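Geometric and topological summary
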Amino acid sequence: VQLQASGGGLVQAGESLRLSCAASERTFSSFGVGWFRQAPGKEREFVAALASTGEQTFYSDSLAGRFVISRDFATNTVYLHMNRLNPEDTAVYYCAAQYGASGTGLLDESEYNSWGQGTLVTVSS
């Protein structure tokens, strides 16, 4: 599956953004989807994931409930709603997908074989 990530930009601390991950396949609803991010000088890290089965979701503990991942079946798109952004959220955000993926394996980037190109989020203080 081909993925197109979008929605990044420059925002001020405290504001919100919604990232989109649009897929090329109608069967996208059967894919587990994850969001990862890579800040300057740091390794890529897990942010959130949505399992292929039902509504099971996973979040990084560091987010303190500020982000929400959701799926729009009609448009084959997975969203990452990011609230109360702070400068530490500045990073390139990537979406990734794997057919049939579910469970805690979604937290591991090696679980995925399809990746989007990344979208840059910059949060100013």
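Heads up: these notes are all about the structure in this document. Computed from a predicted model, the values in this text were never measured in an experiment. (Residues numbered from 1 in each chain as written. Predicted model: local features only at pLDDT ≥ 70, side-chain atom pairs only at ≥ 80, totals over all residues. Heavy atoms only, no water.)

**Overview of the nonpolar core**
Counting residues in hydrophobic clusters, the biggest one holds 28 residues, and the most contacted among them are Phe 28, Trp 35, Val 47, Phe 67, Leu 80, Met 82 and Tyr 93. Going through the elements one at a time, strand E1 (3–6), strand E3 (17–23), strand E4 (31–38), strand E5 (45–50), strand E7 (67–72), strand E8 (77–82), strand E9 (91–99) and strand E11 (119–124) are the ones with two or more residues in this core. Phe 36, Ala 51, Phe 58 and Leu 106 belong to the second-largest nonpolar core, a separate cluster that totals nine residues. (Core = buried A, V, L, I, M, F, W, Y, C linked by side-chain atoms within 4.5 Å. Buried < 20%, exposed > 50% of the residue type's maximum accessible area, 1.4 Å probe, protein only. Helix = DSSP H or I, 4+ residues; strand = E, 2+ residues; numbered from the N terminus.)

**Describing the state of the cysteines**
Inspection of every chain in the model, using the stated rule, returns one disulfide. Here Cys 21 is linked by a disulfide to Cys 95, with a sulfur-sulfur distance of 2.2 Å. Here Cys 21 and Cys 95 share a disulfide; its torsion about the S-S bond, 75°, makes the bridge right-handed. Placement of Cys 21 in strand E3 and of Cys 95 in strand E9 is noted, with a sequence separation of 74 residues between them. (Disulfide = S-S within 2.5 Å.)

**Some words on the side chain of Ser 20**
Secondary-structure assignment places Ser 20 in strand E3. Residue classification places Ser 20 among the buried positions, given a relative accessible area of 14%. If we ignore the near neighbours within four places in the chain, the residues touching Ser 20 are Gln 4, Ala 5, Ser 6, Trp 35, Thr 77, Val 78 and Tyr 79. (Contact = heavy atoms within 4.5 Å.)

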